[in-house]
Amino acid sequence: MSDANLLVGLSCPGCGGIIEVAEGNRLAFCPFCNSALAITADDAGITRFMYKMEVTEAAAEAAAKKWFRTFPKARDLAASAVITEIFPMYLPFWRLIGTGKAIACGYSEHTDKDGHTHTTHHEDSSDSEYVWSVIACQTGDLGIAVPPNPHGKLLPYADGDIPVFETTSSRDEAYDQADTDIRMEAHRRASSGIETLTFSKTFCVPREFSLLYYPYWIIRYQYRERDYFVVLDGVAGTPVSGRAPGDQTYQALAAGLGSGFGGLCAGAGVAYALYSGSDYAIAGFGGVVMGLILVLAGYWMFRFGSEITEGKLTGGISLSTKGFGQKTVREIKR
């Protein structure tokens, strides 16, 4: 089992020994004194966990400066940027671990070369454990909305000991949405090979519903008297989202090359269509389309390249199969 699936840091009240518990388990046994321990939720019925901050402030600052030097940001950004604020922050994510089950019945039809129609009946099922997650707060201009892939050391939540964003979304709505999404994914898997569906039934068996706090480093900086930011994963130290100034030279090159090569492709396409005959006109039309794409791409870079935005800044819900490495199945956009 990977470290991401272990809850560490629990102490046995009988002997004081450290206990490791598989995530989602409600019962643990102390390996030192053989005591049986029940893991309970808080008064609101929510189990709270947190991931340990692995990245130091110095490492976060170094990672941000490395990010400053990446293309296509302003070439003097690393030398000219002034970090004005750097601080750790934990963001809450609703998470449900549960088993999605589905049964689907139906049939598929196909016609053979002699014109005879054959019917194949199907009865398929799906049974998988899922991890569903969505952010539980509003992050403003930071733009963090997509839950992280879980990794690192999972710890009991230490209330008051860490800086956190307050939860603003409804627990019940998140739970209902998790139930719906897991059922839909189980149904999709069970019915994926069935052409005509005649019967289906889905179930979601929840194992644990929790509030997960994940660490980030938030770094704000100035460049030529304008404010920007970058957010780093507090466990992996990698950039999650950010805004940075673009480079005017890259903008000018993109506009010039896009217009030049785009015009060349479009002109060549028109000439080929006119002089090659109607049988090959479609190839000339393809050249015109390619030219227009290049021109528009150059214009887009010139128009919007003054500011670089990175990261998944749109809302989403993570739905993954539970297993080694938390292999992602898909991300549901909202």
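What you are looking at is a predicted structure, and each value in this text was computed from that prediction instead of being measured.

A.B. asks: Provide a residue-level description of the nonpolar core, including the pertinent values.
C.D. replies: The biggest cluster of nonpolar side chains holds 25 residues, and the ones touching the most others in it are Met50, Trp94, Trp132, Ile182, Leu211 and Tyr213. Apart from the residues within four sequence positions on either side, Leu211 is in contact with Ile46, Thr47, Arg48, Phe49, Pro92, Phe93, Trp94, Ala136 and Thr167.

A.B. asks: Outline helix H3 (residues 171-191), listing residues and values.
C.D. replies: The end-to-end C-alpha distance of H3 is 30 Å, a good match for the 30 Å that 21 residues give at a rise of 1.5 Å each. Among all positions in H3, only Ala174, Ala178, Asp181, Ile182, Glu185, Ala186, Ala190 and Ser191 are buried. The residue sitting at the N-terminus of H3 and contributing the capping side-chain oxygen is Ser170; that oxygen lies 3.3 Å from the backbone nitrogen of Asp172.

A.B. asks: Lay out the pattern of salt bridges in plain terms, naming residues and giving numbers.
C.D. replies: Scanning the model with the defined rule gives 8 salt bridges in all. Among the salt bridges present, the one from Arg224 reaches Asp76, with a minimum N-O distance of 3.2 Å. Of the two residues, Arg224 sits in the loop between strand S9 (196-223) and strand S10 (226-233) while Asp76 sits in the loop between helix H1 (57-68) and helix H2 (77-80), which places them 148 residues apart along the sequence. Of the charged contacts in the structure, one is a salt bridge between Arg189 and Glu185, with a shortest N-O distance of 3.8 Å. In this pair, Arg189 and Glu185 are both assigned in helix H3, 4 residues apart and thus about one turn of the helix distant. According to the relative accessible area criterion, Glu185 is buried, its value standing at 0%. The structure contains a network of salt bridges with shared partners spanning Glu185, Arg188 and Arg189.

A.B. asks: Describe the packing of aromatic side chains, with residues and values.
C.D. replies: Under the criterion given, the structure shown has 8 aromatic pairs. Among the aromatic residues, those joined into a cluster by ring pairs are Trp67, Phe68, Tyr221 and Tyr228. The cationic tip of Lys73 hangs over the ring face of Trp67; the distance from NZ or CZ to the ring centre is 4.3 Å.

A.B. asks: Please give an account of the environment of His118 that cites residues and values.
C.D. replies: With respect to the helices, strands and loops of the structure, His118 is situated in strand S7 (residues 117-135). Residue His118 is classed as partly exposed on the basis of its relative accessible area, which comes to 35%. Each C-alpha atom of the pair His118 and Ser108 lies 8.3 Å from the other, and the pair is 10 residues apart in sequence. The contact partners of His118, leaving out residues within four places of it in the chain, are Ser108, Glu109, His110 and Asp112.

A.B. asks: Help me get a handle on the side chain of Glu208, residues and values and all.
C.D. replies: In this structure, Glu208 sits in strand S9. The buried category is assigned to Glu208, whose relative accessible area is 3%. Only 3.4 Å separates the side chain of Glu208 from the side chain of Ser210, close enough to count as a polar contact.

A.B. asks: Summarise the pairing of strand S6 (residues 82-111); cite the residues concerned and give the values.
C.D. replies: The sheet contact formed by S6 and S9 spans 25 bridges and is antiparallel. Residue pairing across strands places Pro92 opposite Tyr213, the latter belonging to S9. Where S6 meets S7, 19 bridges bridge the pair, whose relative direction is antiparallel. By the bridge assignment for S7, Ala104 is matched with Asp124. Here S6 hands over to S7 after 5 residues, with Gly115 in that stretch at a positive phi of 90°.

What counts and how
Starting from 1, residues in each chain are numbered consecutively following that chain's sequence as written. Only residues with pLDDT of at least 70 get local features here, since the model is predicted, and only at 80 or more are side-chain atom pairs given and counted; chain-wide, interface and lining totals rely on the full set of residues. As a rule here, side-chain values cover all heavy atoms of the structure and leave hydrogens and water aside. To form a nonpolar core, buried Ala, Val, Leu, Ile, Met, Phe, Trp, Tyr and Cys residues must be joined to one another through side-chain atoms within 4.5 Å. Residue burial is assigned from relative accessible area. The probe radius is 1.4 Å, only protein chains are included, and a residue is buried under 20% of its type maximum, exposed over 50%, and partly exposed in between. By the convention used here, residues are in contact when the closest approach between their heavy atoms is within 4.5 Å. Counting from the N terminus, the helices are DSSP H or I runs at least four residues long and the strands are E runs at least two residues long. Given a helix with a known number of residues, its expected span is that number minus one, times 1.5 Å. Think of a polar contact as two N or O atoms within 3.5 Å of one another; within protein, one of them needs to be a possible hydrogen donor and the other a possible acceptor, and neighboring residues in sequence only count if both atoms come from side chains. For this analysis, a salt bridge means a side-chain nitrogen from Lys or Arg found within 4 Å of a carboxyl oxygen belonging to Asp or Glu. For Phe, Tyr and Trp, where Trp contributes only its six-membered ring, two rings pair if their centres lie within 6.5 Å, and the inter-plane angle classes them as stacked under 30 degrees, edge-to-face over 60, or tilted in between. Throughout this description, the term charge over a ring refers to an Arg CZ or Lys NZ atom that lies within 6 Å of the ring centre and within 35 degrees of the ring normal. Pairing between strands requires that DSSP locate at least two bridges from one strand to the other.

Function cannot be inferred from these measures alone, as they are strictly geometric.
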